[in-house]
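One-letter residues, chain by chain:
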Amino acid sequence: MIRKDLKDYNLNSPSIITIGTFDGVHIGHKKIIDQLTSISSKEQLTSILLSFFPHPKMVLQNDRDLKLINTIAEKEELLNNLDLDYLVIKEFTKDFSRLSALEFVRDILVNKLNAKHIIIGYDHHFGRNRTANIEQLKEFGLLYDFKVTEILAQDINDIAISSTKIRQALINGEIQLANKFLGYDYFFNGNVVHGNSIGKTISFPTANIEVDEPYKLVPKNGVYIVKTIINEKLIFGMMNIGVNPTFDGTKQSIEIHFLNFNKNIYNKKLTIYMISRIRDKKKFNSVEDLKKQLELDKVSTLSYIESLNI
């Protein structure tokens, strides 16, 4: 699968398209994509997922606080395993949002992407002010010779999953619930950077992670069980998200104490998979109290890992 900007897309083969932000590429999204690729194979059409970036809310509502489940690179990685021919990313701008429904269908879907079949949710709205719905899309289909397949309300409601629900679960620190909705362990990519080295002084050295993109959603502050791959080896760890209140910190950091691992990995890029939450952040009365709690956290983490039978 190739990711292309819309302006670079110039293939003339007839296509089947689905449209949306698809943030999270969760199990509800996968159901839509399975339907897309199945029809693509039967009708010999190029399968396209048309997505948008930045998120429309960031542009239209100037919502700079909106965090996304996936970065563009992560979305491409997830979609790369789902038999799509193309992920096409359209830059979402205010000018683009002002396109009428007719202009969007004619200029983008038909003339640019050569749509012959469109698969879309029953409640999808598009065009300026999102005034057009699936009925208008079907009318355009008669005009421009493409079919429309509707994803029924029952199919979507049976899943009862949305990107919004997953974001909220992550914000609440409900990692296992988020992972259940996603169908995979929530993950982020980041570089190992130098920190304040406090962990070394209490026998819990940590790797400080700097997340790739500022719009990536970082879950609620707390202590989590995580895993990663380092030099082709699966490594588990305890991750702390927070401001180090015991040491009067003020800036949020992400620090991981990897278990049974003691190698220099500064400047290494890691993918961190979040498995479970251990506890909330807490300010301890002393460094010794903190160390005792970390020892308890380690016992809990090792017990959990053992239960995974890996």
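Just so you know, the residues in each chain are numbered from 1, in the order the chain's sequence is written. Totals for whole chains, interfaces and linings use all residues, but because this is a predicted model, local features are given only for residues with pLDDT of at least 70 and pairs of side-chain atoms are given and counted only at 80 or more. For side-chain calculations, the full set of non-hydrogen atoms in the structure is used, while hydrogens and water are omitted.

1. Observations regarding the overall build of the chain
And step 1. To qualify as a helix, a DSSP run of H or I must reach at least 4 residues; to qualify as a strand, a run of E must reach at least 2; elements of each kind are numbered from the N terminus. A count of helical and extended segments in the chain gives 11 helices and 12 strands.
And step 2. With the C-alpha coordinates aligned to their principal axes, the bounding extent of the chain is approximately 75 × 40 × 35 Å.
And step 3. Each residue's exposure class comes from its accessible area (1.4 Å probe, protein chains only) as a fraction of the maximum for that residue type: buried when under 20%, exposed when over 50%, partly exposed otherwise. The proportion of buried residues among the 310 residues of the chain is 47%.
And step 4. Here the Shrake-Rupley method, with its probe set to 1.4 Å, supplies the accessible areas, and only the displayed protein chains count as covering residues. About 16,000 Å² of surface is accessible on the chain, with carbon and sulfur atoms providing 47% of the total.
And step 5. Neither His nor the chain termini are counted; the positive set is Lys and Arg, and the negative set is Asp and Glu. Think of each charge as sitting on NZ of Lys, CZ of Arg, CG of Asp or CD of Glu. Of the side-chain charges in the chain, 40 are positive and 37 negative, and the distance between the mean point of each set is 4 Å.

2. Points about helix H6 (residues 134–144)
And step 1. Looking at H6, one finds that the buried residues are Ile134, Leu137, Phe140 and Gly141. Buried residues along H6 cover an arc of 110° about the axis, so they all sit on one side. Facing away from the buried side of H6, by more than 90 degrees, are the exposed residues Glu139, Leu142 and Leu143.
And step 2. Tucked into the core, H6 has its buried residues touching helix H5 (101–110), strand E5 (115–121) and strand E6 (147–151).
And step 3. The term polar contact refers here to a pair of N or O atoms within 3.5 Å; inside protein, the definition further demands a hydrogen-donor-capable atom paired with an acceptor-capable atom, and it admits residues adjacent in sequence only when both atoms are side-chain atoms. Capping the start of H6 is the job of one residue whose side-chain oxygen sits 3.0 Å from the backbone nitrogen of Glu135: Asn133. Think of the arc as the fan of directions from the helix axis to the C-beta atoms. The criterion used for residue contact is that any of the two residues' heavy atoms lie within 4.5 Å.

3. Concerning the environment of Gln136
And step 1. Relative to the helices and strands, Gln136 resides in helix H6.
And step 2. Between the alpha carbons of Gln136 and Arg3 there is a distance of 29 Å; along the sequence they are 133 residues apart.

4. Some details on the packing of helix H8 (residues 163–171) against helix H9 (residues 175–182)
And step 1. Look at H8 against H9: their axes get within 8 Å of each other, and the N-to-C directions meet at 155°. With respect to their mutual orientation, H8 and H9 come out roughly antiparallel. Seen from above, H8 lies across H9 with left-handed handedness. Every residue of H9 that contacts H8 at Lys165, Ile166, Ala169 and Leu170 is listed here: Ile175, Leu177, Ala178, Phe181 and Leu182.
And step 2. Grouping the amino acids of the contact of H8 with H9 by side-chain chemistry returns 8 nonpolar, no polar and 1 charged. All axes here are fitted lines through C-alpha atoms, helices being fitted over the stretch that makes contact, and every angle between N-to-C directions spans 0 to 180 degrees. For classification purposes, an angle smaller than 35 degrees is called roughly parallel, one larger than 145 roughly antiparallel, one from 65 to 115 roughly perpendicular, and anything else oblique. Note: crossing handedness is left-handed where the near helix turns anticlockwise from the far helix by less than a right angle, and right-handed where it turns clockwise. Polar here means any residue outside two lists: the nonpolar Ala, Val, Leu, Ile, Met, Phe, Trp, Tyr, Cys and Pro, and the charged Asp, Glu, Lys and Arg; Gly therefore counts as polar.

Spatial relationships are all this shows, so hold off on functional conclusions.
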